[in-house]
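Inside the fold
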Amino acid sequence: MKRFNALAGTALTADELREELRNGNQELFTHFIESQKDSLLETAKIMRAGIDSVNPNLPGSYCTVGTNAEYAAEIADILKGADNFPTVLLT
C-alpha cells in the first residue's frame, strides 16, 4: 500500500483501494498494476542477488501459472543471470 499510495499520490487503505477497484476506477487500477510490476521486478532483483552471492553463473528462470504473465519476460531477464538466456515456463 505504501508503494501504491506513493505512486498514485493517495493515502488509501487496502479496503478503500479494493472498493475503488471494484467500482471501476481506471486511474487507480493503472497505478495498482504499476505498483505490482515494481514490486515483482524488485523482488526478482533481490532473488538474483541471492543467487549471485552463491554462484553468479547459475541460470535462473521464471515459471508462471495461468494467465498472469504480463511481466514474465522482464522478470525472466532479471533472473537469468549474466550470459544466460531468459527462460519463461508457462503452466
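One structure accompanies this document, and this report is about it. (Residues numbered from 1 in each chain as written. Predicted model: local features only at pLDDT ≥ 70, side-chain atom pairs only at ≥ 80, totals over all residues. Heavy atoms only, no water.)

Helix and strand counts for the protein chain come out as four helices and two strands. Start at the N end of the protein chain and walk to the C end: the helices and strands fall as α-α-α-β-α-β. A compact globule built from 91 residues would reach a C-alpha radius of gyration of about 12 Å, whereas the protein chain, at 16 Å, exceeds it by more than 25%. Considered along the principal axes of its C-alpha atoms, the protein chain spans approximately 45 × 25 × 15 Å. In the protein chain, which comprises 91 residues, the share counted as buried stands at 24%. Sequence separation of at least 24 residues holds for 51% of the intrachain contacts in the protein chain that already meet a minimum separation of 6. (Helix = DSSP H or I, 4+ residues; strand = E, 2+ residues; numbered from the N terminus. Rg over C-alpha atoms; globule rule 2.2 N^0.38 Å. Buried < 20%, exposed > 50% of the residue type's maximum accessible area, 1.4 Å probe, protein only. Contact = heavy atoms within 4.5 Å.)

This next bit is on unusual backbone geometry. Residue Asp-83 is not a glycine yet carries a positive backbone phi of 60°. Here Asp-83 lies in the loop between helix 4 (72-79) and strand 2 (88-90).

The tally for this structure, following the rule as stated, stands at five salt bridges. Of the charged contacts in the structure, one is a salt bridge between Arg-18 and Asp-15, with a shortest N-O distance of 2.4 Å. One end of the pair, Arg-18, and the other, Asp-15, are both in helix 2 (residues 14-22), three residues apart, so they sit about a helical turn from each other. When the shortest N-O distance is used, the salt bridge between Glu-19 and Arg-22 registers 3.6 Å. Placement of both Glu-19 and Arg-22 in helix 2 is noted, with a separation of three residues, approximately one turn of the helix. A relative accessible area of 39% means that Glu-19 is categorised as partly exposed. For Arg-22, a relative accessible area of 59% gives the class exposed. (Salt bridge = Lys/Arg side-chain N within 4 Å of Asp/Glu carboxyl O.)

The next thing to look at is the nonpolar core. Residues Leu-41, Ala-44, Tyr-62, Tyr-71, Ala-72, Ile-75, Ala-76 and Leu-79 constitute the largest nonpolar core, which totals eight residues. At the level of secondary structure, the elements contributing two or more residues to this core comprise helix 3 (26-54) and helix 4. Looking at which element gives the most residues to this core, the answer is helix 4, with four residues. Not counting chain neighbours up to four residues away, the residues in contact with Ala-72 comprise Tyr-62 and Val-88. Ranked by size, the runner-up nonpolar core spans five residues in total, among them Phe-4, Ala-8, Leu-17 and Leu-28. (Core = buried A, V, L, I, M, F, W, Y, C linked by side-chain atoms within 4.5 Å.)

Turning to the packing of helix 2 against helix 3, a few remarks are in order. At a minimum axis distance of 8 Å, the contact between helix 2 and helix 3 shows a crossing angle of 120°. Taken as axis vectors, helix 2 and helix 3 run oblique relative to one another. Judged by the sense of rotation from one axis to the other, the crossing of helix 2 with helix 3 is left-handed. Counting all contacts with helix 2, which are made through Leu-17, Glu-20 and Leu-21, the residues of helix 3 involved are Leu-28, Phe-29 and Phe-32. (Axes fitted to C-alpha atoms, helices over the stretch in contact; angles between N-to-C directions. Parallel < 35°, antiparallel > 145°, perpendicular 65-115°, else oblique. Left-handed = near helix turned anticlockwise from the far one by under 90°.)

These results come straight from atomic positions and should not be treated as a statement about function.
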